[in-house]
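Next come the chains, spelled out residue by residue.
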Amino acid sequence: MVQANSVTTISVSLNNSDPVSAFQLIIPLDKQITYVDQSIATTARTAGHSITASVTNNVLKIYGYSLNNAVIGGNSGDVATFSLKASTNPGDYVLQPSEVVLSDVAGKEVASSAIAGAVTLKAPYLVVQENAIDLGRVPLNQAQPRGLTLSNTGNEELIIDQAAFDADAKALLSKIP
């Protein structure tokens, strides 16, 4: 779970029964979440390995390898972490790894499968039902009540401290005698 405009750390885990020395995967990213540059990191299991990450067209590509063909330590746990920054639109954003390739010390592919994760972005989301309010012709010194419907379609509480006219509305009102 991550709050709007905040950063969260994501773990990439690997459960393997065969020795693995390198891995690669891609993760398409929704436009509401972005990869934090240079946040990719190894873990205790991948100490001594090199790891890189890049994003092209909202697709995160991760490569982990050893220049001396060292085996990834252990058989279960995190092999990498990276950070994502959330935008402001609340929701659940799936992280579905694909094109996962694991290889052994001889460079042969090791059978693999991937399980999706998700980032839940928590935030209020204000929806205004009317974009403009038409008061029509209003006689001088008369009121013309109109409604404006505001709703929160987000997954966090929306608090409105004040409401204000934009500059155009203030200019218009100042011209009325």
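Sequence order as written defines residue numbering, which begins from 1 separately in each chain. For this predicted model, a pLDDT threshold of at least 70 governs which residues receive local features, and a threshold of 80 or more governs which side-chain atom pairs are given and counted, while totals over whole chains, interfaces and linings are taken from all residues. Only hydrogens and water are set aside when side-chain values are computed; all heavy atoms of the structure are taken into account.

> Looking at this structure, I do not really get the nonpolar core. What am I missing?
One finds Phe23, Ile27, Leu29, Ile62, Phe82, Leu84 and Leu95 to be the most contacted residues of the largest nonpolar core, which totals 28 residues. At the level of elements, strand S2 (7-15), strand S3 (22-28), strand S4 (33-35), strand S7 (59-65), strand S8 (76-86), strand S9 (91-95) and strand S12 (117-122) are the ones that each hand at least two residues to this core. What counts as a helix is a DSSP run of H or I of at least four residues, what counts as a strand is a run of E of at least two, and both are numbered from the N terminus. Of all the elements, S8 adds the most residues to this core, at five residues. Here, residues are in contact when the closest pair of their heavy atoms is within 4.5 Å. For Phe82, the residues in contact, after removing those within four places along its chain, are Thr8, Thr9, Ile10, Val12, Ile27, Tyr35, Ser39, Ile40, Leu60 and Ile62. Nine residue types can take part in a nonpolar core, namely buried Ala, Val, Leu, Ile, Met, Phe, Trp, Tyr and Cys, and a core is a set of them joined through side-chain atoms within 4.5 Å. Relative accessibility thresholds used throughout: buried, under 20% of the residue-type maximum; exposed, over 50%; partly exposed, between the two (1.4 Å probe, protein chains only).

> Is there a simple way to think about the sheet that holds S7 in this case?
Sheet strands line up and pair through hydrogen bonds in the backbone, either parallel or antiparallel. Only strands that DSSP links by at least two bridges are regarded as paired with each other. Pairing is antiparallel across the open sheet formed by five strands, whose spatial order is S6-S7-S3-S10-S11. The strands lining the two open edges of the sheet, one partner per strand, are strand S6 (50-56) and strand S11 (109-110). Looking at chain direction, strand S10 (residues 98-103) and S11 are connected through two bridges and run antiparallel. Of the residues in S11, the one forming a bridge with Leu102 is Val110.

> Whenever I open this one, the layout of surface pockets confuses me. Can you help?
By rolling a water-sized probe across the atoms, one finds the places where empty space is left. Put plainly, a pocket is an open set of points on a 1 Å grid over the protein atoms alone with protein on both sides within 12 Å along at least five of seven lines, a cavity is a set where a 1.4 Å probe fits but cannot get out, and a lining residue has an atom within 4 Å of a point. Grid points are joined across faces, edges and corners, and a volume is the space filled by probe spheres set on the points. Reported here for the second largest pocket is a volume of approximately 680 Å³. Considering the residues around the second largest pocket, the lining is formed by 27 residues, among which Ser13, Leu14, Ser113, Ala114 and Ile115 are closest to the centre. Counting only elements with at least two residues in the lining of the second largest pocket, the list comes to S2, S3, S8, S10 and S12. For this classification, the nonpolar set comprises Ala, Val, Leu, Ile, Met, Phe, Trp, Tyr, Cys and Pro, the charged set comprises Asp, Glu, Lys and Arg, and every other residue, Gly included, is treated as polar. Grouping the constituent residues of the lining of the second largest pocket by class yields 18 nonpolar, eight polar and one charged.

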